[in-house]
Amino acid sequence: MARHSVIAIAASLLLLPASVFAAGYGAAGCGLGSIVIGSKPGVEQIFAATTNGTSGSQTFGITSGTSNCGDHGLVNMSKEREVFAQENYTSLVKEMAQGKGENLYTLASLYQCPAESHQEFGAMVQQKFDHLVANDRTTSAELLTQLENQLTHHPKLAKSCNIKLSALN
C-alpha cells in the first residue's frame, strides 16, 4: 500500500510543471484564487482552483493579463487571434464574404472592437474581402496580417478597436 502511495506522489510531481512555482502561483494557476490563497502547496490549491473556476477570474485574467496572470508566458491577444482564425478558418472566410456571423463578431471582439462596431467591422471585411483572402491558398496568418493592415487604415475601426493589444503588456 505504501509503495502505491509513493508511486502516486512521484507521478503527480512529474505531471506538475516546475514553471507553475516559478510564476508565483500554485498548482491551481493564476486568478483570484492565487491572490487569495497564494502559492501554498497542498489542499489550499483545491480552494484556489475552486475560487478560480467559480468566479471565472482565471479565464478573464489570462485574457486581460490581470489577477496574477501577467507576464508569465501565458496567452496574449495576438496568439489568441491566430489560434481562433486557424481553428475557424473555413467558417470565418465564409462569414467575411457575407459580412456577418458569430465567428466574425468573435474575431472583432478579439481585436477589442466594441459590440456597437461589429456591423461596421463586418461591412469592412466584406468590402475588402478580395484583399483579405487573395486566393484559395491564403493562410489564416496571412488573412490576419491583411486584416490588421485594413483595420489600421480604417477611419473608425482604427480608433475603436485595439489592433495590437497584448495581454502581456
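Our subject is the structure listed above.
Structural notes, computed from the coordinates. (Residues numbered from 1 in each chain as written. Predicted model: local features only at pLDDT ≥ 70, side-chain atom pairs only at ≥ 80, totals over all residues. Heavy atoms only, no water.)

### Focus: the state of the cysteines
Operational definition: Pairs of cysteine sulfur atoms within 2.5 Å are identified as disulfides in what follows. Helix and strand assignments come from DSSP, with helices taken as H or I runs of at least 4 residues and strands as E runs of at least 2, each series counted from the N terminus. Each residue gets one of three labels from its accessible area relative to the maximum for its type: buried under 20%, exposed over 50%, partly exposed in between, using a 1.4 Å probe on protein chains only.
Throughout the structure, instances matching the rule amount to one disulfide. Across a sulfur-sulfur distance of 1.9 Å, C113 and C161 are joined as a disulfide pair. Here the disulfide of C113 and C161 is right-handed, its torsion about the S-S bond being about 115°. Linking C113 in the loop between α8 (102–110) and α9 (118–127) with C161 in the segment after α12 (157–160), this pair joins segments that are 48 residues apart in sequence. Relative accessible area serves as the criterion here: at 5%, C113 is assigned to the buried category.

### Let's talk about the nonpolar core
Our working rule: We define a nonpolar core as any set of buried Ala, Val, Leu, Ile, Met, Phe, Trp, Tyr and Cys residues linked to one another through side-chain atoms lying within 4.5 Å. Should any heavy atoms of two residues lie within 4.5 Å, those residues are considered in contact.
Core analysis: the largest hydrophobic core is formed by 25 residues, its most contacted members being M96, L107, F121 and L147. Elements represented by at least two residues in this core include exactly α6 (77–87), α7 (89–98), α8, α9, α10 (129–132) and α11 (140–153). Among residues more than four places away in sequence, those in contact with L147 are M96, L107, Y111, F121, M124, V125 and L132.

### Quick look at α7
To be explicit about the condition: In this context, the arc is that of the directions from the helix axis out to the C-beta atoms.
When we look at burial in α7, the residues that qualify are L92, V93, E95 and M96. Angular distribution of buried residues about the axis of α7 spans 165°; they occupy a single face of the element. Counted as exposed and oriented over 90 degrees from the buried face of α7: T90 and K94. In this fold, the buried residues of α7 make contact with α6, α8, α9, α10 and α11. A positive backbone phi angle near 80° is found at G99, which sits one or two residues after α7.

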